[in-house]
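In case you want the letters, here they are:
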Amino acid sequence: MNAPDRFELFVIPEGRRKVEMEVDTKIPNAATFKIEREDHTLGNMLRAQLLKDPRVLFAGYKVPHPLEHNFLIKVQTVPGTAPGQALKDATSELISEINTLKNKFDMDVIRHRTFEDAKSTQPGLGAFDTGEGSGQPGGLDPTRPGMDLDF
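Residues numbered from 1 in each chain as written. Predicted model: local features only at pLDDT ≥ 70, side-chain atom pairs only at ≥ 80, totals over all residues. Heavy atoms only, no water.

- Labelled according to an unreviewed UniProt entry, the protein appears under the name DNA-directed RNA polymerase RBP11-like dimerisation domain-containing protein, originating from Circinella minor.
- The UniProt entry for the protein carries the following text under Subcellular location (unreviewed entry): "Nucleus". (UniProt positions renumbered as here; feature names shortened; annotations may be inferred.)

Below you can see the structure in the form of structure tokens.
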């Protein structure tokens, strides 16, 4: 009916840029960035990543209107550091952290599949094994390493 087309959520309109910067004239070393076609998911992750940086004094974001597909993020840094550089560094670090998390997840999936394959070839290690005969409560396999959950 009146719903906007789904592509409007991710296609950047002609004449607009993905990221626009507006320098704040009232606050030293501050700028507001408008990021198109993104929402709270990226806004909150960027804000949190920026706040980990000791060069960043303030970082906050807001979505101006729920029907607009963009958010504003304000960054204030210490003298000698540009807000744009801090945002660029935070973005790179965030991408690196997400790749690390993805790699750990993929390795755990491979580990789980390997365990399931080994379990299906050994008698007595079915999905509903109660652990009887293995000496382990709940059918836990003492040879399987635990999942690595340190982020």
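From this point, the narrative continues.
1. Remarks on the sheet that holds strand β1 (residues 19-23)
Thinking step 1. Pairing is antiparallel in the open sheet, where 4 strands are placed in the order β1-β2-β4-β3. Single-partner strands in this sheet number two, and they are β1 and β3 (56-62). Neighbouring strand axes in the sheet, compared pairwise and without regard to direction, differ in orientation by 20° on average.
Thinking step 2. Pairing analysis gives 5 bridges linking β1 to strand β2 (residues 30-36), with the strands arranged antiparallel. Counted as the bridge partner of Met 21 is Phe 33 from β2.
Thinking step 3. Each of β2, β3 and β4 (70-77) is contacted by helix α2 (residues 83-121), which is oriented at about 45° to β2, the strand it contacts most. (Pairing = 2+ DSSP bridges. Helix = DSSP H or I, 4+ residues; strand = E, 2+ residues; numbered from the N terminus. Axes fitted to C-alpha atoms, helices over the stretch in contact; angles between N-to-C directions. Contact = heavy atoms within 4.5 Å.)

2. Things to note about the pairing of β2
Thinking step 1. The buried fraction of β2 is high, at 5 of 7 residues.
Thinking step 2. The hairpin turn running from β1 into β2, its antiparallel successor, is 6 residues long, and Asn 29 in that turn takes a positive phi close to 55°.
Thinking step 3. Here 7 bridges tie β2 to β4, and the two strands are oriented antiparallel to one another. The partner of Thr 32 across the bridge, within β4, is Lys 74. (Buried < 20%, exposed > 50% of the residue type's maximum accessible area, 1.4 Å probe, protein only.)

3. Overview of the packing of aromatic side chains
Thinking step 1. One pass over the structure, following the stated rule, counts 1 aromatic pair.
Thinking step 2. Centre to centre, the rings of Tyr 61 and Phe 71 are 6.0 Å apart; their planes meet at 80°, and the pair counts as edge-to-face. With a gap of 10 residues between them, Tyr 61 in strand β3 and Phe 71 in strand β4 connect regions that are remote in the sequence.
Thinking step 3. Accessibility expressed as a relative area gives 24% for Tyr 61, which makes it partly exposed. (Phe/Tyr/Trp six-rings, centres within 6.5 Å; stacked < 30°, edge-to-face > 60°.)

4. Some remarks on unusual backbone geometry
Thinking step 1. Within the chain, Asn 29 stands out as a residue other than glycine whose phi angle is a positive 55°.
Thinking step 2. Given the relative accessible area of 30%, Asn 29 is considered partly exposed.
Thinking step 3. Positive phi outside glycine occurs at Arg 37, with the angle close to 60°.
Thinking step 4. Here Arg 37 lies in the loop between β2 and α1 (40-52).

5. Re the pattern of salt bridges
Thinking step 1. With the rule as written, the count across this model stands at 11 salt bridges.
Thinking step 2. In this structure, Arg 16 and Glu 36 form a salt bridge, with 3.4 Å as the shortest nitrogen-oxygen distance. In this pair, Arg 16 is assigned in the segment before β1 and Glu 36 in strand β2, connecting sequence segments 20 residues apart.
Thinking step 3. Owing to a relative accessible area of 1%, Glu 36 belongs among the buried residues under this scheme. (Salt bridge = Lys/Arg side-chain N within 4 Å of Asp/Glu carboxyl O.)

6. So, the side chain of Glu 36
Thinking step 1. Only 3.3 Å separates the side chain of Glu 36 from the side chain of Arg 37, close enough to count as a polar contact.
Thinking step 2. Residues contacting Glu 36, with those up to four places away along its chain left out, are Arg 16, Arg 17, Lys 18, His 69 and Asn 70. (Polar contact = N/O pair within 3.5 Å; in protein donor to acceptor, adjacent residues only side chain to side chain.)

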